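As a plain string of letters, each chain reads:
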Amino acid sequence: MAESATPIVEIKGVSKVFQLQDQTIHALSGANLSINKGEFICLIGASGCGKSTLLRIMAGFDQPSSGEALMWGKPIAGPDPSRGMVFQDYALFPWLSVRANIGFGPASRGLGAAEVKQIVDKFIDLVGLSKFANAYPHQLSGGMKQRVAIARVLANDAELVLMDEPFGALDAMTRERLQDELLDIWERTRLTVVFVTHAVEEAILLANRVVVMTPGPGRIESDNLL
Amino acid sequence: MAIVETVSAPAATGAAGPTRAATRSTWSRLKPTVLALIVPLILLVFWQVATTQQWTRLIPTPYAVGEYMIDFAVGGIYDDAYSATLTTHLLASMSRVYGGFALAALFALPIGILIGRVPTARMVLDPFLQVMRPIPVTAWLPLSMILFGLGAKSAFALVCLGAFYPILLNTIFGVRSVDPKLFEAASMLGCRGNAQFYKVVLPAATPSIFTGLRLGLGLAWFVIVVGEMTGVPQGLGAVIMDGRTLSRTELVICGMIVIGLAGYISDRVVVALGNYLLRWSPNHHG
Ligand SMILES: Nc1ncnc2c1ncn2[C@@H]1O[C@H](COP(=O)(O)OP(=O)(O)OP(=O)(O)O)[C@@H](O)[C@H]1O
Ligand SMILES: [Mg+2]
């Protein structure tokens, strides 16, 4: 592997243990992964092998039980606007319009109204939802909601976009459209993307690197550059 | 004229179509009202039959009550102590209902938020409030008169108590049942700590809080008669209590009808307000 630049994210011997009543669940054990800037990584593996757990650790929602998760060499201490998560079930704010959902991050970072509007206009256009700017999430289809969720993290200047089976709940045609759009956005913005999926075809279509995790205690089984 | 225009406009395209379409649209507009009137009309007929057949002698006929209602509202028929006093009594009751309700909201909202979000506050306040909750407002009547004296203050306090619990319980439920994903989404977007309370907890809880306020206002109307058993001279509850002591059943029934209608109109206004404010919420269209 090329050792030329510092990786954007490094996962070093990360284990994660959950205590469920009297059971101890090893969701991850000694996972190692190094992600370079601009990569589109697909993370695949059987259900329950720890993909979501690894993604949540990268996002900063959970802390590893042991090992280290680093971004630009610094430990990931908590959620941060530089790492945006796109959830499978969207997690949009239902009381905010499409426009306000996308503007939530920029507004929270204290940008002025004019600046927020400019950013929102740009990203609403990027995901093709200008006509629905004032709609509320419950008035949108699943594919449209997922576009809002993507625009929301992009509008917040995320360098690393973490996506946990984002298209899992969509029909085949919508999924294909969104896959194309996502690749298009990735090519234009050169983001770093970690994309969890069950579907091998999806992984091969999207990724320039496919990481396979083993079932049981999560471990990286193979790592293929495409 | 405008209606004639819209009805005749499609006439050019089809011969039999427009009249049927017009009939259908008139019917679909009137349908809710017609359906809603069925049960009251059956009751009215039953009431009429029961009183004219003399199944009971203690209840006046609908006609007598109707006549009395007009006198109660504008006077000019009996000209007794209650003629043309409806507005006075209605306004007196409304001031207690809305005043008591506002007071209840003033207490219940912050306490509910506190119990819902702060574990220590929950442990201190929740057991006490849960024990107080089953005690009906009627049971509080004597104590309330001792504590607040005979009159308006007591009425206020009782209405307030009646509206308190639905607001409290729904507020607690609302602020506790925020989807945890929304906190994660907010924090990854740069909204952390106390800002999350205003930007996530409060808006997410508004549908529940609104339901609580609606129920609370309904209960405020529900307990107004008990509230006005405290020796207040004016108010619909006072009128009903007077009617009882004077054995004037038509007065009692008039008071009941006015409370029912006022409570209903008040609720429709609140629902309309909620539909507008909560238009983002898919399951909030009452
Ligand atoms: N909060 C939690 N508490 C307890 N156990 C958990 C928790 N989160 C995950 N686990 C366990 O960790 C293991 C890995 O879960 P994870 O969600 O990471 O799997 P996954 O690879 O994303 O699966 P899927 O493809 O079905 O989404 C599972 O056995 C799961 O039961
Ligand atoms: Mg998962």
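Look above for the structure.
Residues numbered from 1 in each chain as written. Chains lettered and ligands numbered in written order. Predicted model: local features only at pLDDT ≥ 70, side-chain atom pairs only at ≥ 80, totals over all residues. Heavy atoms only, no water.

Participant: Sorry if this is basic, but what is going on with the site of ligand 1 here?
Facilitator: Residue and element names in this part refer to chain A. In the region of ligand 1, 14 residues are neighbours, and Ser-47, Gly-48, Lys-51, Ser-52 and Thr-53 sit closest. A distance of 2.7 Å separates an oxygen atom of ligand 1 from a polar side-chain atom of Lys-51. Here Ser-52 contributes a side-chain N or O atom positioned 2.7 Å from an oxygen atom of ligand 1. The protein chains hide 64% of the 630 Å² of surface that ligand 1 would expose on its own. For the shell around ligand 1, the element with the most residues is helix α1 (residues 51-59), which contributes three residues. Looking at side-chain class alone, the shell around ligand 1 contains six nonpolar, six polar and two charged residues. (Near = heavy atom within 4 Å. Polar contact = N/O pair within 3.5 Å; in protein donor to acceptor, adjacent residues only side chain to side chain. Areas by Shrake-Rupley, 256 points an atom, 1.4 Å probe, with all protein chains shown as cover. Helix = DSSP H or I, 4+ residues; strand = E, 2+ residues; numbered from the N terminus. Nonpolar A, V, L, I, M, F, W, Y, C, P; charged D, E, K, R; others polar.)

Participant: What am I meant to see in the sheet that holds strand β2 (residues 23-35) of chain A here?
Facilitator: Adjacent strands of a sheet form backbone hydrogen bonds with each other and so pair up, either parallel or antiparallel. Residues and elements named next belong to chain A. If you trace the four strands from one edge of the open sheet to the other, you get β2-β1-β4-β5, paired in antiparallel fashion. A single partner strand is all that each edge strand has here, and the edge strands are β2 and β5 (74-75). In this sheet, β5 lies alongside strand β4 (residues 66-71) in antiparallel orientation, the contact comprising two bridges. Note on β5: the bridge partner recorded for Leu-70 is Pro-75. (Pairing = 2+ DSSP bridges.)

Participant: Hey, could you run me through the interface of chain A and chain B in this one?
Facilitator: With 24 residues of chain A at the contact, the number on the chain B side is 19 residues. Overall, the association of chain A and chain B removes approximately 2000 Å² of surface from exposure, summing both partners, and the carbon and sulfur fraction of that is 67%. A per-residue breakdown of the area chain A buries against chain B is headed by Trp95(A), Phe104(A) and His138(A), which together make up 31% of the total. Here chain A and chain B share three salt bridges between them. Across the salt bridge formed by Asp80(A) and Arg192(B), the nearest N and O atoms sit 3.7 Å from each other. At the junction of chain A and chain B, the tally comes to four residue pairs in polar contact (both at pLDDT 80 or more). Secondary-structure elements contributing two or more residues to the side of chain A that touches chain B are β6 (83-86), α2 (98-108) and α4 (142-155) of chain A. Considering each element in turn, the side of chain A that touches chain B owes the most residues, four residues, to α2(A). (Contact = heavy atoms within 4.5 Å. Buried area = accessible area lost by both parts, 1.4 Å probe. Salt bridge = Lys/Arg side-chain N within 4 Å of Asp/Glu carboxyl O.)

Participant: Before we go on, may I ask you to explain a nonpolar patch on the surface in this structure?
Facilitator: Residues and elements named next belong to chain B. Where nonpolar side chains cluster on the molecular surface, the patch consists of Leu-35, Ile-38, Val-39, Ile-42 and Leu-43 and spans about 480 Å² of accessible area. Residue position: Ile-42 is located in helix α2 (residues 17-52). Ile-42 gets classed as exposed once you look at its relative accessible area, which sits at 55%. (Patch = residues over 30% accessible without salt bridge, like charges linked within 9 Å, V, L, I, M, F, W, Y side chains within 5 Å. Buried < 20%, exposed > 50% of the residue type's maximum accessible area, 1.4 Å probe, protein only.)

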